[in-house]
Amino acid sequence: MGNKLKGKDLIKLGFPKNNSINIALGQINRYRKREKKERILEEAKQVLLEPEKYKGNAIWGKVAEGLVKPVEVKFHQLRNTRAPFSIYGENEIDDQAKYQLYDALKLPIAVAGALMPDAHSGYGLPIGGVLATENAVIPYGVGVDIGCRMCLTIYPMKASYLKGKQHQLENILKHHTKFGMYETHDKKHDHEIFERSAFKDIPLLRRLKIKAFKQLGTSGGGNHFVEFGTVSIQDPNNEWGLDTGDYIGLLSHSGSRGLGANIAKHYTYWATKQCPLPKNVQHLAWLDLNTHDGQEYWLAMNLAGDYAKACHDNIHHRISKLLGSKPVAKIENHHNFAWKETVNGKEAIVHRKGATPAAKGQLGIIPGSMTAPGFIVRGKGNPNSLQSASHGAGRLYSRRKCKEKFTKSAIKQQLQKHDVSLIGGGVDEAPMAYKNIKKVMNNQQELVDVIGTFTPKIVRMDK
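What counts and how
- Residues numbered from 1 in each chain as written.
- Predicted model: local features only at pLDDT ≥ 70, side-chain atom pairs only at ≥ 80, totals over all residues.
- Heavy atoms only, no water.
- Helix = DSSP H or I, 4+ residues; strand = E, 2+ residues; numbered from the N terminus.
- Rg over C-alpha atoms; globule rule 2.2 N^0.38 Å.
- Buried < 20%, exposed > 50% of the residue type's maximum accessible area, 1.4 Å probe, protein only.
- Contact = heavy atoms within 4.5 Å.
- Areas by Shrake-Rupley, 256 points an atom, 1.4 Å probe, with all protein chains shown as cover.
- Lys, Arg positive; Asp, Glu negative; His and termini not counted.
- Charge placed at Lys NZ, Arg CZ, Asp CG, Glu CD.
- Polar contact = N/O pair within 3.5 Å; in protein donor to acceptor, adjacent residues only side chain to side chain.
- Core = buried A, V, L, I, M, F, W, Y, C linked by side-chain atoms within 4.5 Å.
- Salt bridge = Lys/Arg side-chain N within 4 Å of Asp/Glu carboxyl O.
- Expected span 1.5 Å × (residues − 1).
- Axes fitted to C-alpha atoms, helices over the stretch in contact; angles between N-to-C directions.
- Left-handed = near helix turned anticlockwise from the far one by under 90°.
- Nonpolar A, V, L, I, M, F, W, Y, C, P; charged D, E, K, R; others polar.
- Pairing = 2+ DSSP bridges.

A. Broad picture of the overall build of the protein chain. The secondary structure content of the protein chain amounts to 15 helices and 17 strands. Taking 463 residues into account, the globule formula puts the C-alpha radius of gyration at 23 Å, and the protein chain, at 24 Å, falls close to it. Each principal axis of the C-alpha atoms in the protein chain carries an extent, and together these give about 75 × 55 × 45 Å. Buried positions account for 56% of the 463 residues belonging to the protein chain. In the protein chain, the proportion of contacts linking residues at least 24 apart, taken out of those at least 6 apart, comes to 77%. Here the protein chain displays about 21100 Å² of accessible surface, and carbon together with sulfur accounts for 49% of that area. Across the protein chain, the centroid of the 68 positively charged side chains sits 6 Å from that of the 44 negatively charged ones.

B. Representation of the environment of Leu 322 within the structure. Within the secondary structure, Leu 322 is located in helix α12 (residues 292-323). On the basis of relative accessible area, Leu 322 is assigned to the partly exposed category, the value being 41%. In contact with Leu 322, not counting residues within four places along its chain, are Ile 172 and His 176.

C. A look at unusual backbone geometry. Although it is not a glycine, Asn 336 sits at a positive phi angle of roughly 55°. With respect to the helices and strands, the residue Asn 336 is situated in the loop between β9 (329-334) and β10 (337-343). A relative accessible area of 12% means that Asn 336 is categorised as buried. A positive phi angle is found at Asn 344, which is not glycine, with a value near 50°. Relative to the helices and strands, Asn 344 resides in the loop between β10 and β11 (346-353). On the basis of relative accessible area, Asn 344 is assigned to the exposed category, the value being 66%.

D. How the structure looks around the side chain of Ser 421. Within the secondary structure layout, Ser 421 lies in strand β16 (residues 421-423). A residue is classified by how much of its surface remains accessible, and Ser 421, at 14% relative accessible area, is buried. Looking at Ser 421, its side chain comes within polar contact range of the side chain of Glu 170, at 2.8 Å. Those residues in contact with Ser 421 that lie beyond four places of it in its chain are Gln 166, Glu 170, Lys 457, Ile 458 and Val 459.

E. Looking closely at the nonpolar core. In this structure, Leu 107, Val 137, Leu 205, Leu 259, Ile 263 and Tyr 297 are the most contacted members of the largest nonpolar core, which totals 55 residues. At the level of secondary structure, the elements contributing two or more residues to this core comprise α5 (95-105), β2 (110-120), β4 (136-137), α9 (198-201), α10 (203-215), α11 (257-274), α12 and β10. Sort the elements by how many residues they give to this core and α12 lands first, with 9 residues. Residue contacts for Leu 259: discarding those within four places in its chain leaves Phe 199, Leu 205, Leu 208, Ala 212, Ala 304 and Tyr 307. Of all hydrophobic cores here, the second largest spans 50 residues; its members include Val 231, Leu 363, Ile 411 and Tyr 434.

F. Structural detail: the pattern of salt bridges. Taken as a whole and judged by the stated rule, the model has 24 salt bridges. In this structure, the salt-bridge partner of Lys 309 is Asp 313, at a minimum N-O distance of 3.2 Å. Of the two residues, Lys 309 and Asp 313 are both situated in helix α12; the distance of 4 residues between them amounts to about one turn of the helix. Judged by its relative accessible area of 30%, Lys 309 falls in the partly exposed class.

G. Region of the structure containing α11. The first and last C-alpha atoms of α11 sit 26 Å apart over 18 residues, in line with the 26 Å expected at 1.5 Å per residue. Among the residues making up α11, those that are buried are Arg 257, Gly 258, Leu 259, Gly 260, Ile 263, Ala 264, His 266, Tyr 267, Thr 268, Trp 270, Ala 271 and Gln 274.

H. Inspection of the side chain of Ser 369 at higher detail. Relative to the helices and strands, Ser 369 resides in the loop between β13 (363-366) and β14 (374-379). Discounting residues that sit within four places of it in the chain, Ser 369 has contacts with Pro 431, Tyr 434 and Pro 456.

I. How the structure looks around the packing of helix α8 (residues 166-176) against α12. α12 packs onto α8 with a crossing angle of 145° between their chain directions and a minimal axis gap of 11 Å. For the crossing formed where α8 meets α12, the hand is right-handed. Here Leu 169, Ile 172, Leu 173 and His 176 of α8 lie close against α12, whose contacting residues are Arg 318, Ile 319, Leu 322 and Leu 323. Residues that form the contact of α8 with α12 fall into these classes: 6 nonpolar, 1 polar and 1 charged.

J. Main features of the sheet that holds strand β1 (residues 85-87). Strand order across the open sheet formed by 5 strands is β1-β2-β3-β11-β10, with mixed pairing between neighbours. Both outer strands of the open sheet, β1 and β10, are each paired with one neighbouring strand and no more. Direction aside, neighbouring strands of the sheet carry axes that sit 15° apart on average. Alignment of β10 against β11, held across 7 bridges, turns out to be antiparallel. The residue bridging Lys 340 from the neighbouring strand is Ile 349, located in β11. Of the strands in this sheet, β10 and β11 touch α12, which is tilted by about 110° from β10.

Here's what the structure looks like:
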């Protein structure tokens, strides 16, 4: 008897000759490869005898599910009709983004949908797409960068300080923010998030914990940034009791780094396996929330969202210390996430792929581009948009198009014209790559009220 566990060993134990054997072998090979065969067979026997006891178990939960109530793998056709939806700023949105939403609305699990005025096509759901589903979560409807978010800190400092101390502020961003795949902080900070049981209970997360620890407080590449700018508070009845006028603000945009990307990849694989769909919509494969993988993804997604928040907290904490100033206000929230919310009187899973939650009274920040203002907003809780708003201005040109269309000197001219200092940043993030934020805001007056603006002045991005 060799030491490699085979399917016939499990059949000998009494496993039924069905997919539960493949699931068991898959889990053992992935997570228990180095252990003695006898010990694993001992455990497998216990699972076979009392599968109910092992439901939700990190390694054996999936096997128990295969024995008690196997996930039904069946090919799903799309419905002929779309679930109800609303589109904001329809004339500014490319057709492909609309077709992507229309396809998603025909999923058998779709309840309702909406398209925000910054929408453009993406993978699976369009960017700026909102989709409510019934008891199912679509990993690609959340996206690869789980819990990507905006965070704005307002400091009780006069805006003129930005000009006077420009050199020092540029240095703070240059030396105390880290971007891209490989940069990490020399001085690591610990965080209570690493004590979370999900890091121990879910085998995938156990493997990702060290990398997540190293990447804490760093930002991704692409359109992620940390920037100083001028905050102008216009609403005298603002939530923080601030006088109207100008302040200094720090705005960051980034997500859950390698942790979120790996979670997305892993569970998208299982979703496509368990939920075969027509080729044009296979990115929209979902996990039923009553299944082992569905519940595990939900836990992992929420952990990734909290980790993204921890990264922003870390960035803002480091910079506040260097500024020697305590914030007077903080505004933050996720996009690229799924929430349990009430839609038409029933609980639904609301996916916001590049869309900001805008429940009644909920605060948010919607950035423009590095040469255009962002808007500090208060949600109106509009049910037609599934209580959502745009997450930015939205792209006018794809990254590839930008490289064909814009030159570094054209970008430089734009930056000079708006008096913006840029550290890093590629041609694909040219300010001209984005839609007109004023138009976008105009198209969502039913969704949010404006409290103030944020105008970037010193911008730091990946190289």
